[in-house]
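Structural features, examined
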Amino acid sequence: MRAVPSPLPGVVVIEPKVFGDSRGFFFESFNQRDFCHHLGLDVVFVQDNHSRSGRGVLRGLHYQIRQPQGKLVRVVRGAVFDVAVDIRRSSPNYGRWFGVQLTEDNHRQVWIPPGFAHGFYVLSDTADFLYKTTDYYNPGFERSLLWNDPAIGISWPIEIGGPPVVSEKDSRAVGLNAAEVFE
């Protein structure tokens, strides 16, 4: 695997070594030892999640204010634009975002450490999105940051034809200035 730092310190794009031939492909999607070695981390994942979404769906920007989760995310079918936002008030990168396209063909993964909000926008007809987390989901601690907050200014690749499809919960999200964030 190759670990490629993003402009946001701590957020890393992981490019696995893919072996392919006329039969298809093979790659090691996760190896605890290699992951920790290449990223200089000592993390343990406790939960795997899988979501399926249709074209134009935007999920996020989510985080847990207590029991914060580090996330290792990837797409196994389709394509998404994946985003991380630094919401650590003491960070020199507070409010900055990073986005990258994850597809079933590029096999990229992104490590998003605790202290970041996360979301994605579906670019394909459907997308199966998998992620590993470093802590358990707790709905009482979940928060949503407004996906189109001008204070953050994410350049989502929204397709012509209307606004993205968001959940009721995400439509009630708050902007960065009103959000409960990490110190």
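Above: the structure in question.
Conventions used here
Residues numbered from 1 in each chain as written. Predicted model: local features only at pLDDT ≥ 70, side-chain atom pairs only at ≥ 80, totals over all residues. Heavy atoms only, no water. Helix = DSSP H or I, 4+ residues; strand = E, 2+ residues; numbered from the N terminus. Buried < 20%, exposed > 50% of the residue type's maximum accessible area, 1.4 Å probe, protein only. Contact = heavy atoms within 4.5 Å. Pairing = 2+ DSSP bridges. Axes fitted to C-alpha atoms, helices over the stretch in contact; angles between N-to-C directions.

Turning our attention to the environment of Leu-176. Topologically, Leu-176 is positioned in the segment after helix H2 (168–171). You can call Leu-176 buried: its relative accessible area is 6%. With 26 residues separating them in the primary sequence, Leu-176 and Pro-150 have C-alpha atoms 9.1 Å apart. Beyond its immediate stretch of four places on either side in the chain, Leu-176 contacts Ile-87, Tyr-94, Gly-95, Leu-145, Asp-149, Ile-152 and Val-181.

Okay, the sheet that holds strand E5 (residues 47–54) next. The six strands lie next to each other as E1-E2-E10-E7-E12-E5, forming an open sheet whose pairing is antiparallel. The strands lining the two open edges of the sheet, one partner per strand, are strand E1 (2–5) and E5. Strand-to-strand twist across the sheet, computed as the mean angle between neighbouring axes with direction ignored, equals 25°. In this sheet, strand E10 (residues 109–112) lies alongside strand E2 (residues 12–15) in antiparallel orientation, the contact comprising three bridges. When the sheet's bridge partners are listed, Val-13 is paired in E10 with Val-110. The strands touched by helix H1 (residues 32–39) within the sheet are E1, E2, strand E7 (71–77) and E10, with E2 carrying the most contacts at an inclination of about 135°.

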